[in-house]
Amino acid sequence: MDFNTWLTGICQFLSKYSALFLGGVKNTLLLSLTAGVLSILVGGALCFLRMSRIAPLRWIANIWIEFVRGTPVLVQIMMIYYGLPMIGVQLPVPAFLGNAGERAMYGILALTINSGGYICEIIRSGIQSVDRGQMEAARSLGFGSIRSMLMIVMPQAIKNILPNFGNEFANLIKASSQVMIIGVGELMFSYNTISGTSGRAFLPLIVIALLYFAMTFTVGLGVRALERHFRRSER
Amino acid sequence: MAAHTMQISRFTKKQLALYGAPPRTFNPNTDPLITVLDLHKRFKNLEVLKGVELYVKKGDVVVLIGPSGSGKSTLLRCINRLETIQGGDVLFEGNSITRGPVDLNGIRQRIGMVFQHFNLFPHLTVQENITLGPRYLRKMPTDEANALAERLLTRVGLADKKDAYPSQLSGGQKQRIAIARALAMEPDVMLFDEPTSALDPEMVGEVLEVMKDLARDGMTMIIVTHEMGFAREVASKVVFMADGIIQESGTPEKLFTHPKNERLISFLGKIL
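Here goes a summary of the coordinates provided. (Residues numbered from 1 in each chain as written. Chains lettered and ligands numbered in written order. Predicted model: local features only at pLDDT ≥ 70, side-chain atom pairs only at ≥ 80, totals over all residues. Heavy atoms only, no water.)

Here we look at the overall build of chain B
Line of reasoning, step 1. In terms of helices and strands, chain B carries 11 helices and 10 strands.
Line of reasoning, step 2. Relative to the 2.2 N^0.38 estimate, which gives 19 Å for 272 residues, the radius of gyration of chain B is 19 Å and therefore close to what a compact globule would have.
Line of reasoning, step 3. When the backbone C-alpha atoms are referred to their principal axes, chain B occupies close to 50 × 50 × 40 Å.
Line of reasoning, step 4. Here chain B, with 272 residues, has 53% of them falling under the buried criterion.
Line of reasoning, step 5. Considering only contacts within chain B whose residues lie at least 6 apart along the sequence, 65% involve residues at least 24 apart.
Line of reasoning, step 6. Approximately 12100 Å² of chain B is accessible, and the part contributed by carbon and sulfur atoms is 49%.
Line of reasoning, step 7. Side chains of chain B give 34 positive and 31 negative charges; the mean places of these two sets differ by 6 Å. (Helix = DSSP H or I, 4+ residues; strand = E, 2+ residues; numbered from the N terminus. Rg over C-alpha atoms; globule rule 2.2 N^0.38 Å. Buried < 20%, exposed > 50% of the residue type's maximum accessible area, 1.4 Å probe, protein only. Contact = heavy atoms within 4.5 Å. Areas by Shrake-Rupley, 256 points an atom, 1.4 Å probe, with all protein chains shown as cover. Lys, Arg positive; Asp, Glu negative; His and termini not counted. Charge placed at Lys NZ, Arg CZ, Asp CG, Glu CD.)

Let's talk about unusual backbone geometry
A negative phi angle characterises most non-glycine residues, just as the trans form characterises most peptide bonds.
Residues and elements named next belong to chain B.
Line of reasoning, step 1. The phi dihedral of Asn119 falls on the positive side, at around 50°, and the residue is not glycine.
Line of reasoning, step 2. On the secondary structure map, Asn119 appears in the loop between strand 6 (111-114) and helix 5 (126-137).
Line of reasoning, step 3. In this model, Glu194 sits at a positive phi of 45°, which is unusual for a non-glycine residue.
Line of reasoning, step 4. Note on placement: Glu194 falls in the loop between strand 7 (189-193) and helix 8 (201-216).

Considerations on the interface of chain B and chain A
Line of reasoning, step 1. With 24 residues of chain B in contact, the opposing surface of chain A contributes 19 residues.
Line of reasoning, step 2. One salt bridge in this structure joins Arg77(B) and Glu136(A), with 2.6 Å as the shortest N-O distance.
Line of reasoning, step 3. Where chain B touches chain A, the interface holds six residue pairs in polar contact (both at pLDDT 80 or more).
Line of reasoning, step 4. Contributing elements (two or more residues each) for the side of chain B that touches chain A: helix 4 (104-109), strand 6 and helix 5 of chain B.
Line of reasoning, step 5. The dominant element in the side of chain B that touches chain A, judged by the number of residues it contributes, is helix 5 of chain B, at four residues.
Line of reasoning, step 6. Class assignment for the residues of the side of chain B that touches chain A results in 13 nonpolar, seven polar and four charged. (Salt bridge = Lys/Arg side-chain N within 4 Å of Asp/Glu carboxyl O. Polar contact = N/O pair within 3.5 Å; in protein donor to acceptor, adjacent residues only side chain to side chain. Nonpolar A, V, L, I, M, F, W, Y, C, P; charged D, E, K, R; others polar.)

Regarding the sheet that holds strand 3 (residues 61-65) of chain B
All names here are of chain B.
Line of reasoning, step 1. One open sheet holds the six strands; their spatial order is 6-7-8-3-9-10, and the pairing between them is mixed. Every interior strand has two partners, whereas the edge strands, strand 6 and strand 10 (245-250), have only one. Averaged over all adjacent pairs, the angle separating strand axes in this sheet is 15°, with direction ignored.
Line of reasoning, step 2. Alignment of strand 9 (residues 237-242) against strand 10, held across five bridges, turns out to be antiparallel. Among the inter-strand pairings, Phe240 is bridged to a residue of strand 10, identified as Glu248.
Line of reasoning, step 3. Set on the sheet, helix 3 (residues 72-79) makes contact with strand 3, strand 6, strand 7, strand 8 (220-224) and strand 9; between it and strand 7 the angle comes to about 145°. (Pairing = 2+ DSSP bridges. Axes fitted to C-alpha atoms, helices over the stretch in contact; angles between N-to-C directions.)

Thoughts on the environment of Asp103(B)
Residue and element names in this part refer to chain B.
Line of reasoning, step 1. Note that Asp103 resides in the loop between strand 5 (95-96) and helix 4.
Line of reasoning, step 2. Taking the C-alpha atoms as reference, Asp103 lies 34 Å from Glu227; in sequence the two are 124 residues apart.
Line of reasoning, step 3. A polar contact is formed between the side chain of Asp103 and the backbone nitrogen of Gly106, at a distance of 3.1 Å.

Here's the deal with the nonpolar core
Line of reasoning, step 1. Ile65(B), Ile130(B), Ile179(B), Met190(B), Phe192(B), Met211(B) and Met221(B) are the most contacted members of the largest nonpolar core, which totals 52 residues.
Line of reasoning, step 2. Counting residues per element, this core draws most heavily on helix 8 of chain B, at eight residues.
Line of reasoning, step 3. Once residues lying within four places of it in the same chain are set aside, the contact partners of Phe192(B) are Leu76(B), Val114(B), Ile179(B), Met211(B), Leu214(B), Met221(B), Ile222(B), Ile223(B) and Val224(B).
Line of reasoning, step 4. By size, the runner-up hydrophobic cluster in this structure holds 39 residues, among which are Ala138(A), Leu76(B), Leu82(B) and Ile111(B). (Core = buried A, V, L, I, M, F, W, Y, C linked by side-chain atoms within 4.5 Å.)

Considerations on a nonpolar patch on the surface
All names here are of chain A.
Line of reasoning, step 1. A contiguous nonpolar surface patch, about 350 Å² in accessible area, is contributed by Leu74, Met78, Tyr82 and Ile181.
Line of reasoning, step 2. With respect to the helices, strands and loops of the structure, Leu74 is situated in helix 3 (residues 73-86).
Line of reasoning, step 3. On the basis of relative accessible area, Leu74 is assigned to the partly exposed category, the value being 33%. (Patch = residues over 30% accessible without salt bridge, like charges linked within 9 Å, V, L, I, M, F, W, Y side chains within 5 Å.)

Quick look at the structure:
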């Protein structure tokens, strides 16, 4: 097989399956973005519990975080997918998810629960990286704890938090490949379809690896730009 | 006075919640602004304060001295409740700040605090650091707050620094800004927690000057410091602490020239 026919073969393969690949990319991004936004909300709320003065609330957050960190994402996804219907929970399906929306919702929920745990820890460590004296100074001026947090601590903590949000988002993109197991048509699922119909195992794998890499690398570039920006504005 | 207030400190939180704090009249000319009664503070198993009693009247300049670990800073931090206490009580204008219904934020607005490590807000300019309290807590209009900041900056000799960020300032300048920030709330009393201990030696003088100026203007101050010359000059009362209790207190003259307590004599012998 000479080089030209080899290259033509690859080009034909790519053009034939490009729609499937790109559809997978689109769904992966949709899944990750939705779960990403939700996990910031969930993580923030979880962080409130985690740093609460009320012990049982802290326990809830701790159990959540330890569970998320101590078990595989795949197990978490399957637990949500099989577990929720067993206890009779129906998830609402927003229109933008299309006709495979219900499975996707389980996937998004599982990824949100997972990522929310990590986001909580990112926010917490960001807040704790701010010198305790900042809180004390704000409180001693007479600001309440919430206002001190919002006006003094958070603006400083955000420099540590935002870049790590980016890193977590890249992790989320990679972790989203595992919702394939419950039949959500994202990029990894596209691979399965393509390798099955084309009979080629390795070539599509390289393609999706490159696609995943392109996505996470772009996020990584954003993170580094953000870090540079914060370092420059550090006075 | 002592008997009267001691009685209050025997009320439990539950009783106060049920019956409310007993009514009292506060006479600013005769009653202490700040009263510390039988104060006990523990960090885990380490007892830092073992029953401290202190009265600070309006216009007093009380200087706390003593070896490190003696509980001076902790005492100061208990006065605006940056630390929780395990026993005794702290009264501000005769009312407990640790028991019963307390408007803690309101009281803290009236107690200025200056920290060893300045704790300026690094993401805000000098002017914003100073005006933050008045603008948000006093609802002062921005232009009025800015004028106030300018007056205070002139007072501490840093009028040209209003648009600088804290990281662009020297330690001495930072501490003077921190004093201006506390003054912006027009407090009734100022607490200084080792304000010159983190400074290079050549910057200590400029901060002490500002503090002397404040003392001359009649500000009530409680100061933890190792600057004995300063203590001698401005204090109306010097308090020597060691091992979590007040060992001796009185006028600077009495403490520095005729010390009686053994610990104080050896402490002064080491540092003078």
